[in-house]
Amino acid sequence: MAGWWRVLPRAAQRYPWPTNVLLYTGLYSAGDALQQRLRGGPADWRQTRCVATVAVTFHANFNYVWLRLLERALPGRAPGAVLAKVLCDQALGGPIALSAFYVGMNIAQGKDDIFLDLKQKFWNTYKTGLMYWPFVQLTNFSLVPVHWRTAYTGLCGFLWATFLCFSQQSGDGTLKSVFTFLRKKEASTVERPPEK
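Residues numbered from 1 in each chain as written. Predicted model: local features only at pLDDT ≥ 70, side-chain atom pairs only at ≥ 80, totals over all residues. Heavy atoms only, no water.

**Q** Which residues make up the nonpolar core, and what values do they have?
**A** Ranked by internal contacts, the top residues of the largest apolar core, which has 26 residues, are Y28, L98, F101, Y102, M105, W160 and L164. Elements supplying a minimum of two residues to this core: α2 (16-39), α3 (45-73), α4 (79-108), α5 (116-129), α6 (133-143) and α7 (149-169). A per-element tally of this core places α7 first, with seven residues. Sequence-distant contacts of Y28, that is, excluding residues within four places in its chain, are made with V51, A55, H59, F101, G157, W160, A161 and L164. (Core = buried A, V, L, I, M, F, W, Y, C linked by side-chain atoms within 4.5 Å. Buried < 20%, exposed > 50% of the residue type's maximum accessible area, 1.4 Å probe, protein only. Helix = DSSP H or I, 4+ residues; strand = E, 2+ residues; numbered from the N terminus. Contact = heavy atoms within 4.5 Å.)

**Q** Residues and numbers for the side chain of T125, please.
**A** With respect to the helices and strands, the residue T125 is situated in helix α5. A polar atom in the side chain of T125 sits 2.7 Å from the backbone oxygen of K121. (Polar contact = N/O pair within 3.5 Å; in protein donor to acceptor, adjacent residues only side chain to side chain.)

**Q** How would you summarise the side chain of Q36 if you had to cite specific residues and measurements?
**A** Looking at where Q36 falls in the secondary structure, it is placed in helix α2. A polar atom in the side chain of Q36 sits 2.5 Å from the backbone nitrogen of D44.

**Q** Account for α2, with residues named and values stated.
**A** In a regular helix each residue adds 1.5 Å, so 24 residues correspond to 34 Å; α2 covers 35 Å between its end C-alpha atoms and thus fits that length. Listed as buried for α2 are P16, T19, N20, V21, Y24, T25, Y28, S29, G31, D32, Q35 and Q36. One or two steps after α2, the chain reaches G40, where phi turns positive at roughly 90 degrees. (Expected span 1.5 Å × (residues − 1).)

**Q** Mind laying out the environment of F179, listing which residues take part and the relevant values?
**A** Along the chain, F179 falls in helix α8 (residues 175-191). Using a relative accessible area of 47% as the deciding quantity, one classes F179 as partly exposed. For the pair F179 and W160, spaced 19 residues apart in the sequence, the C-alpha separation amounts to 15 Å.

**Q** Any chance you could break down the pattern of salt bridges for me, citing the residues and the numbers?
**A** Counting across every chain of the model gives five salt bridges. A salt bridge links R149 to E71, with the shortest nitrogen-to-oxygen separation between them at 2.5 Å. Taken together, the positions of R149 in helix α7 and E71 in helix α3 put the pair 78 residues apart, joining distant regions of the chain. No difference in accessibility class separates R149 from E71, as the two residues are buried. (Salt bridge = Lys/Arg side-chain N within 4 Å of Asp/Glu carboxyl O.)

**Q** Tell me about the packing of α3 against α7, residues and numbers included.
**A** In contact at an axis separation of 11 Å, α3 and α7 are set at 135 degrees when each is read in the N-to-C sense. In terms of orientation, α3 lies oblique with respect to α7. Remark: the crossing between α3 and α7 carries right-handed chirality. Counting all contacts with α3, which are made through Q47, V51, A60, N63, Y64, L67 and E71, the residues of α7 involved are R149, T150, T153, C165, Q168 and Q169. Split by residue class, the contact of α3 with α7 holds five nonpolar, six polar and two charged. (Axes fitted to C-alpha atoms, helices over the stretch in contact; angles between N-to-C directions. Parallel < 35°, antiparallel > 145°, perpendicular 65-115°, else oblique. Left-handed = near helix turned anticlockwise from the far one by under 90°. Nonpolar A, V, L, I, M, F, W, Y, C, P; charged D, E, K, R; others polar.)

Shape is all these values report; function is a separate question.
Take a look at the structure:
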């Protein structure tokens with residue numbers, strides 16, 4: 001157990017695709033579990049399995065290929081290359097990944113209208129993402145080695161997945177809906193008399 005942290009870097013260099021995909025999927029799924037915990041209900045492992053399925057079948061693989069493609073098309077860490085990668089990521093990669101999440105989750109959950117969440121929440125969620133992802137990717141493209149970029153995106157995606165899964169379950173794709181929910185939850189906790 002103590003040596004896993006020594007094995008992980010070697011695995012990422014020797015087997016970058018599966019290592020990054022598995023790390024990304026685990027972190028993304030943990031984001032869903034966290035949002036369930038924050039909402040205060042019982043754990044919904046079916047929901048977490050749906051998130052893991054979407055992450056492993058699309059998101060993690062897409063990010064792995066996408067980040068490598070960006071590095072090939074715009075190599076290096078020069079400011080111009082980094083900014084071009086961030087712009088491409090936000091203009092192309094972000095909308096594709098976001099659309100795949102909403103549609104993929106609706107398919108995995110067996111919903112009749114698989115495009116409903118996409119139609120209702122895409123723009124709000126995309127605008128919210130623009131407050132987070134450009135800064136994440138700026139760091140990613142300028143500081144993180146290529147073989148760790150998907151895992152780093154997954155690490156930062158943990159927070160994003162927490163927000164995204166909340167939005168898919170009960171939000172509208174805005175931070176305001178999250179803060180409103182948390183405020184109401186806090187107020188109900190304060191108003192509840194202590195148990196005896």
